[in-house]
There are 4 protein chains.
Amino acid sequence: MSTSTPKDPEFEARIRTSFAKQGLMKTIGAQLASISPGAVEIALPASPAVSQQHGFVHGGVVACIADSAAGYAALSLMPPGIGILTTEFKINFLAPATGDRMLARGCVIKAGRTLTLAQAEVFAENAGQEKLVAFLIATLMTITGRDDVSD
Amino acid sequence: MSTSTPKDPEFEARIRTSFAKQGLMKTIGAQLASISPGAVEIALPASPAVSQQHGFVHGGVVACIADSAAGYAALSLMPPGIGILTTEFKINFLAPATGDRMLARGCVIKAGRTLTLAQAEVFAENAGQEKLVAFLIATLMTITGRDDVSD
Amino acid sequence: MSTSTPKDPEFEARIRTSFAKQGLMKTIGAQLASISPGAVEIALPASPAVSQQHGFVHGGVVACIADSAAGYAALSLMPPGIGILTTEFKINFLAPATGDRMLARGCVIKAGRTLTLAQAEVFAENAGQEKLVAFLIATLMTITGRDDVSD
Amino acid sequence: MSTSTPKDPEFEARIRTSFAKQGLMKTIGAQLASISPGAVEIALPASPAVSQQHGFVHGGVVACIADSAAGYAALSLMPPGIGILTTEFKINFLAPATGDRMLARGCVIKAGRTLTLAQAEVFAENAGQEKLVAFLIATLMTITGRDDVSD
């Protein structure tokens, strides 16, 4: 994994501000759990509001928090004013997403000038136990010179 | 694309019942738009409740409806009592998801005994115009003999 | 699929010249089968030289011709002097690659300024019958201003 | 990463025997570099015989050794008589594959009963320096009761 010095000393505040603007995260009940340079965690309590038809947490929601964790891990290494957009991701579901809480741990694999590769592992927490339920790889593109895409 | 005869004559009712059990679809405001053998459409009105930080529809939500459309397209060809679970998907984001409504069109590429490959295209509708904004490929695994995973 | 007018009238000659420079295609015995704007086919005779341990054509070789077919489909729509590089691809294997010949049919899903999305289906031909054995999606990045990457 | 005890004490001999049957590995000049439980390395000297049109090692060849390294990492944890087949993989290309030698390092992310998730990182070696050039994630399916697919 990439261990870089953040190019924006305000990276943590920047991510918190950006996250607060994501209407979806509020809608599904997701929260920032931790932020460090190149690594971000997002937590989501399991509930019927985010379930699929078998009562598991919906794979799409697992992808939502994994994508956001990977994306913010990438953003944590970007200079001020540079935005990022996910151009593609792939997620493997390794076990049904059941438990009290889902925790997505995102980190950067390689930060590039134009494209950054990041991953996220999603763990289901159940009575204090963690189980790996999903694995995501995402490509993020850096966006420069656009005021509307600066985080 | 695969054009098969449905093995369950009640496939439409089965999909509607299953969809109604997905708490997430209600939470994000998604609705079944059409159902035919091997092809299912899901629509989602754009709103701040499903946005990411730039005001676009969150890529994870686009993935939610695309994954569900692909999955139900696969389910439409399954015999009664057989369930399906997504084992992995990959999604490419081709343009920012902005517009009045997102429409995910899922269809089956190849239905297999154990694994089915399905795709979904997601279009952003804006003032009557459609624009392709995302493309998803999903692998679905058939689940047999489990009462809790039968749709 | 995208049906665009080629921006380089010499696109066919350009692809043939580029293909001839690919040492790998010669090594594995692959050949250009057809070229049209936005769609390219590559054929590969099956042989022990490209096999995996069970005698099937190696999945990696199937990926080689699928990636090249998708990439040349993308290149067929590029202006003169613009090169492309694959930034990522995903391939699903739907059936063992057995038969006389593998045929990869590449086409463009969406041609963008920076990124192009293309797909390739690979068919195994056996006694005149075709069977879909693999499905690939690739992201190609356009490269400008580099003499060493102009095709 | 998964650190499991091998279920077949002869896993190393089994992998060497299987690798020797892969005609493709000989054709492209790839060799087994190391084998341990859940982790396998494959090396490939760069040469015009495996190049694409710009003189880089072809992305498809990078995928070949990455897929094989990930697959053999999975096989190293399988009981005797159980075969594996790749059902899908995704590869991101992070830098042009130039250098003296490519080294694919495969390891298992999660070994399951039916499906195993494995990854491979590919490094380009140049004058003693290593650079990460590609990252692959593969799903392998276990195959039981078939004499022709037992490795």
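Right above here is the structure, for reference.
Residues numbered from 1 in each chain as written. Chains lettered and ligands numbered in written order. Predicted model: local features only at pLDDT ≥ 70, side-chain atom pairs only at ≥ 80, totals over all residues.

J.: Honestly, unusual backbone geometry in this entry has me stumped. Any pointers?
T.: One can expect most non-glycine residues to show negative phi and most peptide bonds to be in trans. Backbone geometry at Ala127 of chain A places phi at a positive 50 degrees, although glycine is not the residue there. In this structure, Ala127 of chain A sits in the loop between β5 (115–126) and β6 (129–143). (Helix = DSSP H or I, 4+ residues; strand = E, 2+ residues; numbered from the N terminus.)

J.: Help me out: how do you make sense of the sheet that holds strand β3 (residues 83–93) of chain A in this one?
T.: For sheets, the rule is that strands pair by backbone hydrogen bonds, running either parallel or antiparallel. Reading across the sheet, the twelve strands line up as β1(A)-β2(A)-β4(A)-β5(A)-β6(A)-β3(A)-β3(B)-β6(B)-β5(B)-β4(B)-β2(B)-β1(B) and stay open at both edges, with antiparallel pairing between neighbours. Since the sheet does not close on itself, it has two edges, and those belong to β1 (31–36) of chain A together with β1 (31–36) of chain B, each with one partner. Adjacent strand axes in the sheet meet at a mean angle of 20 degrees when their direction is disregarded. Strand direction decides the pairing type here: strand β4 (residues 101–111) of chain B and strand β5 (residues 115–126) of chain B, joined by ten bridges, are antiparallel. Across the sheet, residue Ala111 of chain B finds its bridge partner in β5 of chain B, namely Thr116 of chain B. Along the sheet face, helix α3 (residues 59–75) of chain A touches β2 (39–45), β3, β4 (101–111), β5 and β6 of chain A together with β3 (83–93) of chain B and points at about 40 degrees away from the line of β4 of chain A. Most of the contacts of helix α3 (residues 59–75) of chain B go to β4 of chain B, to which it runs at about 40 degrees, and overall it touches β3 of chain A together with β2 (39–45), β3, β4, β5 and β6 (129–143) of chain B. (Pairing = 2+ DSSP bridges. Axes fitted to C-alpha atoms, helices over the stretch in contact; angles between N-to-C directions. Contact = placed C-beta atoms within 7 Å.)

J.: How do you make sense of the interface of chain A and chain D when you look at a structure like this?
T.: Accessible area lost during the coming together of the parts is what is often quoted as the interface size. The partner chain D presents eleven residues to the eleven residues of chain A that form the contact. Looking at the side of chain A that touches chain D, the elements that each hand over two or more residues are β3, β4 and β6 of chain A. For the side of chain A that touches chain D, the element with the highest residue contribution is β6 of chain A, accounting for four residues. Residues belonging to the side of chain A that touches chain D are distributed by class as follows: six nonpolar, three polar and two charged. (Nonpolar A, V, L, I, M, F, W, Y, C, P; charged D, E, K, R; others polar.)

J.: Help me understand the pairing of β6 of chain B in this model?
T.: Each regular strand carries side chains that alternate between the two faces of the sheet. All names here are of chain B. Of the pairings in the sheet, the one linking β3 to β6 comprises ten bridges and is antiparallel in character. By the bridge assignment, Phe93 is partnered in β6 with Ala134. In terms of strand pairing, β5 meets β6 through twelve bridges, oriented antiparallel. The partner of Val122 across the bridge, within β6, is Ala134. Once β5 ends, the chain turns through two residues before running back antiparallel as β6, passing Ala127 with a positive phi of about 50 degrees.

J.: Before we go on, may I ask you to explain the relation of the copies chain B and chain A in this structure?
T.: Between the two copies of the chain lies a relationship made up of a rotation around an axis and a movement along it. Placing chain B over chain A gives an RMSD of 0.0 Å and needs a rotation angle of 180 degrees, together with 0.0 Å of translation along the axis. Both copies are brought into coincidence by an operation consistent with a two-fold rotation axis. Among all residues of chain B, the one whose C-alpha sits closest to the rotation axis is Lys90 of chain B, at a distance of 2.0 Å. Mapped onto chain A, 100% of the interface residues of chain B are again interface residues, and the two copies thus contact each other with one and the same surface. (Least-squares fit on C-alpha atoms with pLDDT ≥ 70 in both.)

J.: Would you explain the interface of chain B and chain A in this entry?
T.: Listed as interface residues are 33 residues of chain B and, on the opposing side, 33 residues of chain A. Of all the secondary structure elements, the ones that give two or more residues to the side of chain B that touches chain A are α2 (23–28), α3 and β3 of chain B. No other element matches the eight residues that β3 of chain B contributes to the side of chain B that touches chain A. Of the residues contributing to the side of chain B that touches chain A, the split by class is twelve nonpolar, 15 polar and six charged. In the sheet, β3 of chain A pairs with β3 of chain B via five bridges, with the strands oriented antiparallel. The partner of Ile91 of chain A across the bridge, within β3 of chain B, is Phe89 of chain B.

J.: Would you mind going over the environment of Pro9 of chain A with me for this structure?
T.: Residue and element names in this part refer to chain A. If you trace the backbone, Pro9 turns up in the segment before α1 (11–21). Here Pro9 falls in the exposed class, since 10 other C-beta atoms lie within 10 Å of it. Along the backbone, Pro9 and Pro37 are 28 residues apart, and their C-alpha atoms lie at a distance of 9.8 Å. (Buried ≥ 20, exposed ≤ 12 C-beta atoms within 10 Å, placed from the backbone.)

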